[in-house]
Amino acid sequence: MTISQEALPEEATRYVVPTYFVNSDSPEVQQLVARALRDLRDDASQTDKAIRLFEAVRDGIRYDPYTFALTADAYRASAIAGAEAAFCVPKAILLAACLRAAGIPAALGFADVRNHLNTPKLQELMGTDLFVYHGYVQLWLDGNTYKITPAFNMELCERFGVRPLVFDGKSDALFHEFDVKDQRHMEYVNDRGLYVDAPMEEFLRVFKKTYPRLEQFNRERISRSAEGVDAGFAAAGKAS
């Protein structure tokens, strides 16, 4: 079931259509959505679909910050759909595309966040604990808006002792301020607003300027697997 344009809040209507990066009409995205929703009833609510798609992107693609791509086209949802691992920006782009494919309005959001539980390796390459252009999604359900991020898969949360990101269709699902030991985890310091499509030119410019060592690191390993770079973000069973 899709929502008619007439039933949507005026602000949400622009966040339903496919765009260049949020290409929700692509076969790759359509197939991912079909797989994620295949065991739902035909009369399943949009909330049920949103929860299922959130979980599919959160856990179907492992979080790995070392998968930072250097070219814009790598951030198209159709390219991300088949990935084994990705970081917050591509995962947010893919989730927005999946939601739009299901008829659920979804905007891309970006914010700068301070991560107090970084790994030493990533902290060294970034030179800071500030993550610029962290990606999230704002969606519209039953007249309400929710901000959600599918970044951290459940296995990673358990490994790092971080409270999992769970979307129940009733409240936001953003990074928690404190971890399970009540140590400071994430701090949102600057919201960059909502977008119909990903501002990839600006994102890549700012990212490369902010993290020159990380960019160089990725240029050197771009043709190789990211496995083994940092055991903290390795696939289950591959961490040393």
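See the structure printed just above.
The present account deals with the structure reproduced in this document. These numbers come from a predicted model, not from an experiment.

### A few points about the side chain of R100
- Positionally, R100 belongs in helix α4 (residues 88-101).
- Here R100 sits buried without a salt bridge, and the closest side chain of opposite charge, D197, lies 6.0 Å off (N-O distance).
- Ignoring sequence-local partners within four residues, the contact set of R100 consists of Y15, V16, V17, T19, V22, S24, A106, A107, Y195 and V196.

### Here we look at the sheet that holds strand β6 (residues 186-195)
- Reading across from one edge, β5-β4-β3-β6 is the order of the four strands in this open sheet, with antiparallel pairing throughout. At either margin of the open sheet sits one strand with a lone partner, and together these are β5 (144-148) and β6. When the angles between neighbouring strand axes are averaged without regard to direction, this sheet yields 30°.
- Relative to β5, strand β4 (residues 130-141) runs antiparallel, the two being bridged by five bridges. Note on β5: the bridge partner recorded for L141 is N144.

### Quick word on the packing of aromatic side chains
- Counting across every chain of the model gives 17 aromatic pairs.
- Members of the aromatic cluster, joined through ring pairs, are F68, Y75, F87, F110, Y133, Y195, F203, F207 and Y211.
- Residue placement shows R76 over the ring face of Y20; its charged tip is 3.9 Å from the ring centre.

### Things to note about the nonpolar core
- Y75, I93, L94, F167 and F203 are the most contacted members of the largest nonpolar core, which has 72 residues in total.
- Among the elements that take part in this core, α4 stands out by supplying 10 residues, more than any other.

### Side note on the packing of helix α2 (residues 46-60) against α4
- The N-to-C vectors of α2 and α4 enclose an angle of 150°; their axes lie 10 Å apart at closest approach. In terms of their interaxial angle, α2 and α4 are classed as roughly antiparallel. Between α2 and α4 lies a crossing whose hand is right-handed. Facing α2, whose interface residues are A50, L53, F54, V57 and R58, α4 presents K91, L94, L95, C98 and L99.
- Taken together, the residues that form the contact of α2 with α4 break down as eight nonpolar, no polar and two charged.

### What about the packing of helix α1 (residues 27-37) against α2?
- Two elements in contact, α1 and α2, have axes whose closest approach is 9 Å; the angle formed by their N-to-C orientations is 110°. Taken together, α1 and α2 sit at an angle that is classed as roughly perpendicular. Where α1 crosses over α2, the handedness of that crossing is right-handed. Residues V33, A36 and L37 of α1 form the contact with α2, whose own contacting residues are K49, R52, L53 and A56.
- Counted by class, the contact of α1 with α2 contains five nonpolar, no polar and two charged residues.

### A short note on the environment of G143
- Along the polypeptide, G143 turns up in the loop between β4 and β5.
- Measuring from C-alpha to C-alpha, the distance between G143 and P9 comes to 7.2 Å, with 134 residues separating the pair along the chain.

### Examining α2
- Given a rise of 1.5 Å per residue, 15 residues ought to cover 21 Å, and the 20 Å separating the end C-alpha atoms of α2 matches this to within 8%.
- Taken together, the buried residues of α2 touch α1, α4, β4, β5 and α6 (154-160).

### Structural notes on unusual backbone geometry
- Here Y133, not a glycine, exhibits a phi torsion of approximately 55°, which is positive.
- Mapped onto the elements of the fold, Y133 is located in strand β4.
- The buried category is assigned to Y133, whose relative accessible area is 3%.
- Within the chain, D142 stands out as a residue other than glycine whose phi angle is a positive 50°.
- Tracing the chain through its elements places D142 in the loop between β4 and β5.

### So, empty space enclosed by the protein
- Applying the stated criterion across every chain, the model contains two cavities of 30 Å³ or more.
- Reported here for the second largest cavity is a volume of approximately 110 Å³.
- What lines the second largest cavity is a set of 14 residues, among which P65, F87, C88, F131 and F207 lie closest to the centre.
- Those elements giving two or more residues to the lining of the second largest cavity turn out to be α4, α5 (120-126), β4 and α7 (200-210).
- Looking at which element gives the most residues to the lining of the second largest cavity, the answer is β4, with four residues.
- Among the residues forming the lining of the second largest cavity, the class breakdown is 13 nonpolar, one polar and no charged.

Rules behind the numbers
Residues numbered from 1 in each chain as written. Predicted model: local features only at pLDDT ≥ 70, side-chain atom pairs only at ≥ 80, totals over all residues. Heavy atoms only, no water. Helix = DSSP H or I, 4+ residues; strand = E, 2+ residues; numbered from the N terminus. Buried < 20%, exposed > 50% of the residue type's maximum accessible area, 1.4 Å probe, protein only. Lys, Arg positive; Asp, Glu negative; His and termini not counted. Salt bridge = Lys/Arg side-chain N within 4 Å of Asp/Glu carboxyl O. Contact = heavy atoms within 4.5 Å. Pairing = 2+ DSSP bridges. Axes fitted to C-alpha atoms, helices over the stretch in contact; angles between N-to-C directions. Phe/Tyr/Trp six-rings, centres within 6.5 Å; stacked < 30°, edge-to-face > 60°. Lys NZ or Arg CZ within 6 Å of the ring centre and 35° of its normal. Core = buried A, V, L, I, M, F, W, Y, C linked by side-chain atoms within 4.5 Å. Parallel < 35°, antiparallel > 145°, perpendicular 65-115°, else oblique. Left-handed = near helix turned anticlockwise from the far one by under 90°. Nonpolar A, V, L, I, M, F, W, Y, C, P; charged D, E, K, R; others polar. Expected span 1.5 Å × (residues − 1). 1 Å grid on protein atoms, 1.4 Å probe; cavity = no way out; pocket = protein on both sides within 12 Å on 5 of 7 lines; lining within 4 Å. Points joined across faces, edges and corners; volume = space filled by probe spheres on them.

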